[in-house]
Amino acid sequence: QKRGPRSNLKFTPIRPVDALVDDFTVPKGFTWQPIIRWGDPLFRESPVFDVFNQSEAAQQLQFGYNCDYTDILDLPGSKGRRAVMFVNHEYTNEPIMVPPGLPAAEVRGIGRAAHGLTVVELERHNASKAWKYVQGAPLNRRFLLDTPYELTGPAAGSDLVKTIDDPAGRTILGTLGNCAGGTTPWGTILSGEENFNGYFVSPGTSASDRRYGLTASPTARGWEVDQPRLDTRNKGYQNEANRFGYIVEVDPFDRTSTPKKHSMLGRFKHEGANVIVAGDGRVVAYSGDDERFDYLYKFVSRNRMDTAGTPAARRKNMTLLSEGSLYVARFQGNSAPEIDGSGTVPTDGAFDGVGEWLPLIVNNKSAVPGMSAAEVAVYTRLAADKVGPTKMDRAEDVEPNPLTGKVYVACTNNTNRGVGANSPADESNPRTANRSGHVVEITENGGDQTSARFTWNLLMVCGDPANDPTVYFSGFPAQKVSPISCPDNLAFDSVGNLWISTDGQPGTIGYCDGLFQVTLEGEERGKVEQFLAVPRDSETCGPIIRDKERHVFVAVQHPGENGVWGNQTSLFPDYVTAGSKPRRGDAAVPRPSVVQVLPGNDKRP
Ligand code: FEO
Ligand code: CA
Ligand code: CA
Ligand code: CA
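Basis of the calculations
Residues numbered from 1 in each chain as written. Chains lettered and ligands numbered in written order. Predicted model: local features only at pLDDT ≥ 70, side-chain atom pairs only at ≥ 80, totals over all residues. Helix = DSSP H or I, 4+ residues; strand = E, 2+ residues; numbered from the N terminus. Rg over C-alpha atoms; globule rule 2.2 N^0.38 Å. Buried ≥ 20, exposed ≤ 12 C-beta atoms within 10 Å, placed from the backbone. Contact = placed C-beta atoms within 7 Å. Pairing = 2+ DSSP bridges. Axes fitted to C-alpha atoms, helices over the stretch in contact; angles between N-to-C directions. Core = buried A, V, L, I, M, F, W, Y, C linked by C-beta atoms within 7 Å. pLDDT = per-residue confidence, 0-100.

The name given to the chain in an unreviewed UniProt entry is PhoX family phosphatase, and the organism recorded there is Arthrobacter flavus.

Peer 1: Would you mind going over the overall build of the chain in detail, with residue names and values included?
Peer 2: A tally of regular secondary structure across the chain gives eight helices and 31 strands. The globule rule puts the C-alpha radius of gyration for 605 residues at 25 Å, and the 23 Å found for the chain is close to it. Across its three principal axes, the chain shows a C-alpha extent of roughly 65 × 60 × 55 Å. For the chain, buried positions account for 55% of its 605 residues. Put simply, of all contacts in the chain between residues at least 6 apart along the chain, 62% involve residues at least 24 apart.

Peer 1: Tell me about the sheet that holds strand β12 (residues 260-262), residues and numbers included.
Peer 2: Spatial strand order, β8-β7-β12-β11-β10-β9: six strands in an open sheet with mixed pairing. Two strands bound the open sheet, and with one partner strand each, they are β8 (171-173) and β9 (178-183). Across the sheet, the mean angle separating the axes of adjacent strands is 30 degrees when strand polarity is ignored. The sheet contact formed by strand β7 (residues 148-152) and β8 spans three bridges and is antiparallel. Bridge pairing in β8 links Y149 to I172.

Peer 1: Explain helix α3 (residues 104-113) to me, using residue names and the numbers behind them.
Peer 2: The buried count for α3 comes to seven of 10 residues, which makes it a mostly enclosed element. Along α3, the positions that sit buried rather than exposed are V107, R108, G109, I110, G111, R112 and A113. Packed against the buried residues of α3 are α1 (56-59) and α2 (94-97).

Peer 1: Explain the nonpolar core to me, using residue names and the numbers behind them.
Peer 2: The biggest cluster of nonpolar side chains holds 153 residues, and the ones touching the most others in it are A285, L360, V409, W499, V554 and V595. Ranked by residue count, the leading element in this core is strand β24 (residues 453-461), at six residues. When residues no more than four places from it in sequence are discounted, the contact partners of V595 are F24, W32, Q33, P34, I35, F553, V554, V556 and P573.

Peer 1: Explain unusual backbone geometry residue by residue, including any values.
Peer 2: Following F572, the chain continues to P573 via a peptide bond in cis, the omega torsion being -5 degrees. Considering the arrangement of structural elements, one finds P573 in the loop between β30 (551-557) and β31 (593-599). Although it is not a glycine, N66 adopts a positive phi angle of roughly 40 degrees. Here N66 shows up in the loop between α1 and β2 (67-74). Although it is not a glycine, C486 adopts a positive phi angle of roughly 60 degrees. Position of C486 among the secondary structure elements: in the loop between β24 and β25 (487-492). A count of 27 C-beta atoms within 10 Å places C486 in the buried class.

Peer 1: Explain the pairing of strand β1 (residues 30-37) to me, using residue names and the numbers behind them.
Peer 2: Summarising burial for β1: six of the eight residues are buried, a large majority. With seven bridges connecting them, β1 and β31 associate as antiparallel partners. Its bridge partner lying in β31, I36 is registered against V594.

Peer 1: For the confidence of the model for the chain, give the residues involved together with the corresponding values.
Peer 2: Interpreting fine coordinate detail is not advised for predicted regions of low pLDDT. Residues with a pLDDT of 70 or more make up 96% of the chain, whose mean pLDDT is 95. Across the interfaces of the predicted complex, the ipTM metric reaches 0.96, alongside a pTM of 0.97.

Peer 1: Just give me the short version of the sheet that holds β31, but keep the residues and values in it.
Peer 2: Read across the open sheet, the four strands follow the order β1-β31-β30-β29; overall the sheet is antiparallel. Looking at strand neighbours, the two that pair on one side only are β1 and β29 (539-546), the edges of this open sheet. Direction aside, the axes of adjacent strands within the sheet are offset by 25 degrees on average. Relative to β31, β30 runs antiparallel, the two being bridged by five bridges. By the bridge assignment, F553 is partnered in β31 with Q596.

Peer 1: I'd like a rundown of the environment of S593, residues and numbers included.
Peer 2: Within the fold, S593 resides in strand β31. Owing to 26 C-beta atoms within 10 Å, S593 belongs among the buried residues under this scheme. Separated by 558 residues in sequence, S593 and I35 place their C-alpha atoms 7.3 Å apart. Apart from residues lying up to four places away in sequence, S593 is in contact with P34, I36, R37, W38, C67, V556 and P573.

Here you go:
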């Protein structure tokens, strides 16, 4: 096989963009525009965004901050002209969101209301036009800190999750730290609760508090002042932090639906989760724990997906993630790894080997001696520690290629790898003080996603080939790739190319973060081509590749996050003033936004 498949989305790669450039850069022949920005009004009664007059009440009715996972699902029968978009809001940057001098309580309220999730309808006149969001559309919805979630799986109803507000242990208010996600084959959205520990004050003394990074220090945002449940030292709330750190499932097509938190997929700093249907009809979800030296997990459902396509089948499929088995990955290399950072490829020419999925829960029952299934579901990191999985370099997005079933794991970086007493490099995490990260490719044995064993190799070891001799691109000549560092989110186009968005390039290779196409098949396997770059101090999130329409979507998260009020480092996406000093009447602040890239003249809108 000479060349891999080509999609309809042909482009000339952009040159890497210096980290200080505050612009959104697309290839020649393309243009871009925001679909929705932080603060945009969602409902008929929503006030227009006014940064000098922002309030908690206004923010509750507007698009939230720091958009991360994004997907767009066509509304049935709309002939491609109407869709529903899901977006989560990972965290807030209050110092560049609100003018100085606002009462602290109001700032806390605005911050809370800018977290959570958004569902919003989109429309366009025809498939070649850009999407616009529809204010006041029937499916528009904000999920806030008081939105109830149904807890499912082994933790539901257990003593580990009961609180004075929820003595049944089945209903949780709010979701926190939502990062990446995935869309299920039955048309719901999964979203990962990642850095939830940052919202809690805890005793910080128990094994689980320590393992999950829960401490007695006041939180950065101080919400515990208004919400006693966020301080687990308060009577009746000892278990509140056990109610966060799950995969959330949302039905964007039903505005009245109760979202779920699925404890069967374990509790950790979920980057996200992605589902693929196995050959026998069971569904398999992969999820990474984004912490240095933490693990990679796989869930296999007990029941099979119902493909009848009826509303009843869909409701049934929405219970698939509540029952089944949970595994954690162990990787084994097959040759001497490169551990000295000299750039030497392993003795057999590849970073590769075999691996196994170690059981934590099998058919709803604990497989870990001394722990119940509920304990495994809530203290998943402690359970996994007992079975000896491989400590990874921060597994972010984990995504199966829908065309091949091969699973890709973005290990974003781990500067502590092999430093001091920390775990040394191994063949699957081969670089000491790994600044730029790498991407693992997993092939389940026999092509069976439910298999207990797999083979693996590294698709790439990232970095700037111009000055980093340790990079590796599956044998593709390093001098011919776009420099890439800190892989975070993954997506696939319709012909099976991998797309990677990055988070952290400014600090490692000095370029703005971006979105990259990676060829997986044929003689150009390992070729990396940069499609876009995001503005100063932002990361690229939530990529959607609609290559048949030549449309690409990304969420631009935390633009200008290193600025301060009055001296913003980004004015994305409006760029309304030449200066950077906010003025009344301007929206002269950076606004995290979902952006559409489409064919057109490459100029600022
Ligand atoms: Fe929120 Fe792991 O990135
Ligand atoms: Ca992420
Ligand atoms: Ca090898
Ligand atoms: Ca990240």
